[in-house]
Amino acid sequence: MNGQHRVEDLLREVAPQVLGALVRRCGQFDACEDAVQEALLAATVQWPVEGVPDRPRSWLLTVASRALVDAWRADSARRRRETVAAHDPTDYALAADPAGIPDADLPGADRDDTLVLLFLCCHPALSPPSQLALTLRAAGGLTTAQIAAAFLVPEATIAKRISRAKRRIRAAGARFGLPAQPQRTERLGVVLHVLYLIFNEGYTTSSGPALQRTDLIAEAIRLTRLLHRLLPGEAEVAGLLALMLFTDARGAARTDTDGRIVPLSDQQRELWDTAVIAEGQAILTRTLGTGPVGPYQLQAAIAALHDEAPTAGATDWPQILALYDVLTTVAPGPVVTLSRAVALAHVHGPRAGLALLGTLDTDERMAHTHRLEAVRAHLLEQAGDITAARHSYLRAAKITTSLPEQRYLELRAARLHQPAPLANPGD
Amino acid sequence: MKYLIMMFGGIGAATQDRSAEWIAGMHELLMKLDTELKESGECVASDALVDPSQAKTVRFINGAPVPTDGPFAEVKESLAGYWIVDVDEERALQIASRVVAYTEYPMEVRRIMDHSAQP
């Protein structure tokens, strides 16, 4: 069992490097991606039995190249009938002779290739769900089944999504290389957003009884770490990594043993991972002050203040509020306003927080989430407005689509309920 | 044989006068039941539905299908969740009884149709 895991981990690490090397030489991202998938499948079957080869990347490259040539050959009759745009016959030669790509070339080049891959997977021609799926596949090395399990959708849905995404990239004429500025900065923003979405998907889905699910949190952190290594000078990449680490560090305390939600204020802080928090702090310390502060760095700094507080009561809310004040100007939005309202309430009292929430009542973006009502309920409870608080908790419980959230809110409402007095208290 | 076991009601309807302890107990019972039925292999599928207040019903109005806000039935009679179990009727009723013993609220047990032709 352990051996199988090691093979899987190795394949996931090496797959993007092989894909990158192949696409760099042969173009045709979609065909190369198919070929690499075939090679990975062969490795999954053969390596546990025959042992991992001395040069795993070369092995994979050889098998993938063969698969590519086979696919081209099978396709060639159809291709002759089509107009083939700028297809260099030497591509065939390179594909057919992978020995021409020395393994020594791979270590240096492969780090750039993974970066190019990440950028390619976040191509603007793709929808966000496609960007996520393709990133997890091509850069993360996850199988279609693993991605499907992670997002709780059927495997066929993900398979189609990835095929369409690859065709879109091909149709968009995307070249295998980093985009020039200013597109590069823009694309980096998209890449960070995709990684953030992957993390968020992993973080907010119910923990429940243990299912065979891919750890999206670990995958998001792994890819962001890789990006941070490749782009050490990019402060927002560091900021995102730190944010993920500070958030993930609290993971063990988020739900109790029965899978019930435990809010931040009630969490057992001794369950927080201090090593991960320390890593986040180190990254943040190195990054802050190196340039203009972006939203991920700000969010990381806020998360750091939470994680550094030994108890909920010791949280530096004035500092957190100050950071939200900056975040509101840098990256305004309803979710930021909501979080700022919580901080405001801690510093200036629940009524101040409630007043700010009022500004969100007409915001369409908040209309379909339970979060506004849930926060309002908490603040009303703090303000002592019990009847209104109970009403808000119940309203939030009705709107939410998350079962653990609903149960949590229903319970909070029930705690505020004053049962009718007994008819005969003496009975 | 497959049976559909149905639970009814919505937030603030049947359970609005219950104490927090009672509600916590209900959540615990449902979670435990779910785990047991999955581990025993009796459960084919089960799920909870979003509150009935969030439902939309498509009605035929003035000659056309029109989506309207709200559930088909009253909230207290709207489906809240279900279990599909692969058991005999006696067992299906036993499972439902376990929940009803606590909630004191009706649950419906319905046989699911076979899709093969029977002589």
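Our focus in this paragraph is the overall build of chain B. If you tally the helices and strands in chain B, you get two helices and six strands. Of the regular secondary structure in chain B, the N- to C-terminal order runs β-α-β-β-β-β-α-β. With the C-alpha coordinates of chain B rotated into their principal frame, the extents come out at 55 × 50 × 20 Å. Look at the contacts in chain B between residues 6 or more apart in sequence, and 74% of them connect residues 24 or more apart.

The subject of this paragraph is the packing of helix α9 (residues 183-204) of chain A against helix α10 (residues 216-230) of chain A. Residues and elements named next belong to chain A. It is at 7 Å that the axes of α9 and α10 come closest, and there the two elements cross at 155°. Put simply, α9 runs roughly antiparallel to α10. Crossing angle aside, the handedness with which α9 passes α10 is left-handed. Counting all contacts with α9, which are made through Leu195, Ile198, Phe199, Glu201, Gly202 and Tyr203, the residues of α10 involved are Leu216, Ile217, Glu219, Ala220, Leu223 and Thr224.

Moving on to the sheet that holds strand β2 (residues 43-48) of chain B. Residues and elements named next belong to chain B. Reading across from one edge, β2-β5-β1-β6 is the order of the four strands in this open sheet, with antiparallel pairing throughout. The strands lining the two open edges of the sheet, one partner per strand, are β2 and β6 (107-111). When strand polarity is set aside, the average angle formed by the axes of neighbouring strands in this sheet is 15°.

Residues and elements named next belong to chain A. At a closest axis distance of 8 Å, the pairing of helix α2 (residues 29-50) and helix α8 (residues 155-171) adopts a crossing angle of 145°. Listed contacts from α8 to Phe29, Asp30 and Glu33 of α2 are Lys166, Arg167, Ile169 and Arg170. Of the residues assigned to the contact of α2 with α8, the class counts are two nonpolar, no polar and five charged.

Before going further, it helps to spend a moment on the interface of chain B and chain A. Contacts between chain B and chain A engage 17 residues on the former and 14 residues on the latter. When grouped by side-chain class, the residues that make up the side of chain B that touches chain A number seven nonpolar, six polar and four charged.

All names here are of chain A. Mapping Leu22 onto the fold places it in helix α1 (residues 2-26). Judged by local crowding, Leu22 falls into the buried class, with 30 C-beta atoms found within 10 Å. Taking C-alpha positions, Leu22 is 9.9 Å from Thr62, a pair spaced 40 residues apart along the chain.

Proteins that are soluble and globular tend to have nonpolar side chains buried together. With 115 residues, the main nonpolar core has A:Val18, A:Leu22, A:Cys32, A:Val36 and A:Ala64 as its most contacted residues. Looking at this core, you find at least three residues from each of domain 1 (1-81 + 89-103) and domain 2 (324-417) of chain A. Setting aside residues no more than four positions away along its own chain, A:Leu22 makes contact with A:Cys32, A:Ala35, A:Val36, A:Leu61, A:Ala64 and A:Ser65. Core analysis: the next-biggest nonpolar cluster, separate from the first, contains 14 residues, B:Tyr3, B:Cys43, B:Trp83 and B:Val85 among them.

Residue and element names in this part refer to chain B. Where strand β1 (residues 2-8) and strand β5 (residues 79-86) come together, seven bridges link them in antiparallel fashion. Looking across to β5, one finds that Tyr3 is bridged to Val85. Pairing analysis gives five bridges linking β1 to β6, with the strands arranged antiparallel. Paired with Met6 across the strands is Glu108, a residue of β6.

Let us now look at the confidence of the model for chain A. Predicted coordinates in regions of low pLDDT should not be interpreted in detail. Residues and elements named next belong to chain A. Confidence in the prediction for chain A averages 85 pLDDT; 86% of positions are at 70 or higher. Segment residues 83-107 is flagged for pLDDT under 50; beyond a separation of four residues in sequence, or across chains, it makes 26 contacts in the model. Here residues 206-212 scores under 50 on pLDDT; set against residues more than four positions off or in separate chains, the count is eight contacts.

Next up on the list: helix α18 (residues 386-399) of chain A. Residues and elements named next belong to chain A. Here α18 contains 14 residues, and its C-alpha end-to-end distance of 20 Å stays within 8% of the 20 Å for a straight helix at 1.5 Å per residue. Considered for burial, the residues of α18 that qualify are Ala389, Arg390, Ser392, Tyr393, Leu394, Arg395, Ala396, Ala397, Lys398 and Ile399. Contacts made by the buried residues of α18 are with α17 (371-383) and α19 (403-415).

So, how was this worked out
- Starting from 1, residues in each chain are numbered consecutively following that chain's sequence as written.
- Chains and ligands are labelled sequentially in the order written, the chains with letters from A and the ligands with numbers from 1.
- At least 70 in pLDDT is required for a residue's local features to be given in this predicted model, at least 80 for side-chain atom pairs to be given and counted, and no such filter applies to totals for whole chains, interfaces and linings, which use all residues.
- Each helix is a run of DSSP H or I of at least 4 residues and each strand a run of E of at least 2, with the numbering of both proceeding from the N terminus.
- Throughout, a pair of residues is in contact if the C-beta atoms placed from their backbones lie within 7 Å.
- Structural elements are reduced to axes, namely lines fitted to C-alpha atoms, with helices fitted over the stretch in contact, and the angle between N-to-C directions of any two is expressed from 0 to 180 degrees.
- Angular relationships are summarised with four words: roughly parallel below 35 degrees, roughly antiparallel beyond 145, roughly perpendicular across 65 to 115, and oblique for the angles in between.
- The hand of a helix crossing depends on one turn: near helix anticlockwise from the far one by less than a right angle means left-handed, and clockwise means right-handed.
- Whether two strands pair depends on DSSP finding at least two bridges between them.
- Gly counts as polar in this scheme, as do all residues outside two lists: the nonpolar Ala, Val, Leu, Ile, Met, Phe, Trp, Tyr, Cys and Pro, and the charged Asp, Glu, Lys and Arg.
- With C-beta atoms placed from the backbone, the exposure class of a residue follows from how many other C-beta atoms lie within 10 Å of its own: 20 or more, buried; 12 or fewer, exposed; in between, partly exposed.
- Buried Ala, Val, Leu, Ile, Met, Phe, Trp, Tyr and Cys residues whose C-beta atoms connect them within 7 Å together make up a nonpolar core.
- For the domain bounds, the source is a domain assignment made automatically or taken from a database.
- Each residue carries a pLDDT score, the predictor's confidence in it, ranging from 0 to 100.
- To estimate how far a helix should extend, the number of its residues minus one is multiplied by 1.5 Å.

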